[in-house]
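Here is what each chain is made of, one letter per residue.
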Amino acid sequence: MSVIVHRPAAPASALLVDIGNTTIGMASWYEGRIHPFRQLSLEELEQEPAWLSQAWNDLPEGSERFVVTSSVSPPRYDAFARLVARHCDETDPVLIGRDIEAPIRANVPAPDKVGTDRLCSAAAAHQVARGACVVASFGTALTIDLVSDDAVFMGGAILPGMATAARALHEHTALLPDVVVTRPGEPWGTSTVEAIRVGVFCGLVGALREITERYATRIGKWPMLILTGGDAPAIADMADFTDRVIPDLCLRGVALAFEKALHDAAPR
């Protein structure tokens, strides 16, 4: 599967990219480390492509450069690949799941149908936990996934994310407004807007607790709970049973996939 069919003649470096439904996360990787990342929309990147060119040119001089991506949106990936071709020396991005393998094994009937963002985050979370863990990613959707002690993705749950849930209430009712959900100040709302805010926010905290408890019951112990995604810090502020918030978790997993591909390509 790997497009990296030989060990690079020079030290490798890469732009790591996580293409989500709403935002794109990017970071540079060289000398075995991830360097500070940035999150922006595809539209922002299209309006400011010089940032992409600069990030590419800032990779270490003399290194063999790659763009390594995880994507849950084929149309957004195609648009991003066109930007890369124009602004990164006509480079073809390396796509996890198509060109190189995901960084973790999945014990599910159709592993190729699992989003590579979930698999990358799961691999990176296990590296932190060094044992069983639950990974909750709060974005357009909320995914709550279980990783076993021996680093196997076991599956998980998918729910509407915070903004998606609020928008659905607005779009499928006659009178409910479109609400920007933030952490509520009181446990009950005294207006329609506040009631929606309480319901969506606390509902996600409750779902996180309930699903994690069910995983823990099945495996016989409480796993480390790691949160990521744009809404993760706000949720963790209320969910005192959270262990870690790691904003660049998926990009860490993209790095693991790339490092594995480089290792597998090395001569034995």
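Refer to the structure printed above.
Thresholds applied
Counting restarts for each chain, with residues numbered from 1 along the sequence as it is written. Local features in a predicted model are, by the rule used here, given only for residues with pLDDT of at least 70; side-chain atom pairs are given and counted only at 80 or more, and totals for whole chains, interfaces and linings are based on all residues. Excluding hydrogens and water, the side-chain figures rest on all heavy atoms present in the structure. With a 1.4 Å probe rolled over the protein chains alone, any residue whose accessible area is under 20% of its type maximum counts as buried; one over 50% counts as exposed, and the rest are partly exposed. Helix numbering and strand numbering both begin at the N terminus, where a helix is a DSSP run of H or I of at least 4 residues and a strand a DSSP run of E of at least 2. In this description, the arc belongs to the directions extending from the helix axis to the C-beta atoms. Residue contacts are counted whenever heavy atoms from the two residues lie within 4.5 Å of one another. Whether two strands pair comes down to DSSP finding at least two bridges between them. Geometry is summarised by axes, namely lines fitted to C-alpha atoms with helices restricted to the contacting stretch, and by angles between N-to-C directions that run from 0 to 180 degrees. Any angle that falls under 35 degrees is termed roughly parallel, while one over 145 is termed roughly antiparallel, one within 65 to 115 roughly perpendicular, and all others oblique. Ten residue types, Ala, Val, Leu, Ile, Met, Phe, Trp, Tyr, Cys and Pro, are classed as nonpolar, four, Asp, Glu, Lys and Arg, as charged, and the remainder, Gly among them, as polar. Two N or O atoms form a polar contact when they lie within 3.5 Å of each other; inside protein one atom must be a possible hydrogen donor and the other a possible acceptor, and for residues adjacent in sequence the pair counts only when both atoms belong to side chains.

A. Layout of helix H2 (residues 49-57). Buried within H2 are the following residues: Leu52, Ser53, Ala55 and Trp56. Down the axis of H2, the smallest arc covering the buried residues is 160°, so these residues share one side. Check the buried side of H2 and you find it contacts strand E1 (12-19), strand E2 (24-30), helix H1 (42-47), strand E4 (64-71) and helix H3 (74-87).

B. Inspection of the sheet that holds strand E7 (residues 133-138) at higher detail. Read across the open sheet, the 6 strands follow the order E6-E9-E8-E7-E10-E11; overall the sheet is mixed. Of all the strands in the sheet, just strand E6 (105-106) and strand E11 (244-245) have a single pairing partner and so form its edges. Strand direction decides the pairing type here: E6 and strand E9 (residues 152-160), joined by 2 bridges, are parallel. Bridging across to E9, Arg105 finds its partner in Val152. Those strands touched by helix H6 (residues 192-219) are E7, strand E8 (141-147), E9 and strand E10 (224-228), and its axis lies near 15° from that of E8.

C. Inspection of the packing of helix H4 (residues 116-129) against helix H8 (residues 249-265) at higher detail. At a closest axis distance of 7 Å, the pairing of H4 and H8 adopts a crossing angle of 90°. The angle between H4 and H8 places the two elements in the roughly perpendicular class. Two secondary-structure elements touch here, H4 through Asp117, Cys120, Ser121, Ala123, Ala124, Ala125, Gln127 and Val128 and H8 through Leu249, Cys250, Arg252, Gly253, Val254 and Leu256. For the contact of H4 with H8, the residue count by class is 9 nonpolar, 3 polar and 2 charged.

D. Region of interest: the side chain of Ser63. As for its placement among the helices and strands, Ser63 is situated in the loop between H2 and E4. A relative accessible area of 16% means that Ser63 is categorised as buried. Polar contacts involving the side chain of Ser63 include one to the main-chain carbonyl oxygen of Pro60, which spans 2.7 Å. When sequence neighbours within four positions are dropped, the list of residues in contact with Ser63 reads Ala10, Pro11, Ala12 and Ser13.

E. The sheet that holds strand E5 (residues 94-95), seen in detail. Read across the sheet, 5 strands follow the order E3-E2-E1-E4-E5 without closing on themselves; strand pairing throughout is mixed. The two strands at the open ends of the sheet, each matched to only one other strand, are strand E3 (33-40) and E5. By the bridge criterion, 7 bridges tie E1 to E2 in an arrangement that is antiparallel. Considered in E2, the bridge of Ile19 is made with Ile24.

F. Focus on unusual backbone geometry. For Glu31, which is not glycine, the phi torsion reads 55° and is therefore positive. Structurally, Glu31 can be placed in the loop between E2 and E3. In the Ramachandran plot, Asp89 falls in the positive-phi region, its phi being about 55° despite a non-glycine side chain. Structurally, Asp89 is set in the loop between H3 and E5.

Remember that the coordinates give geometry; whether it matters functionally is a separate question.
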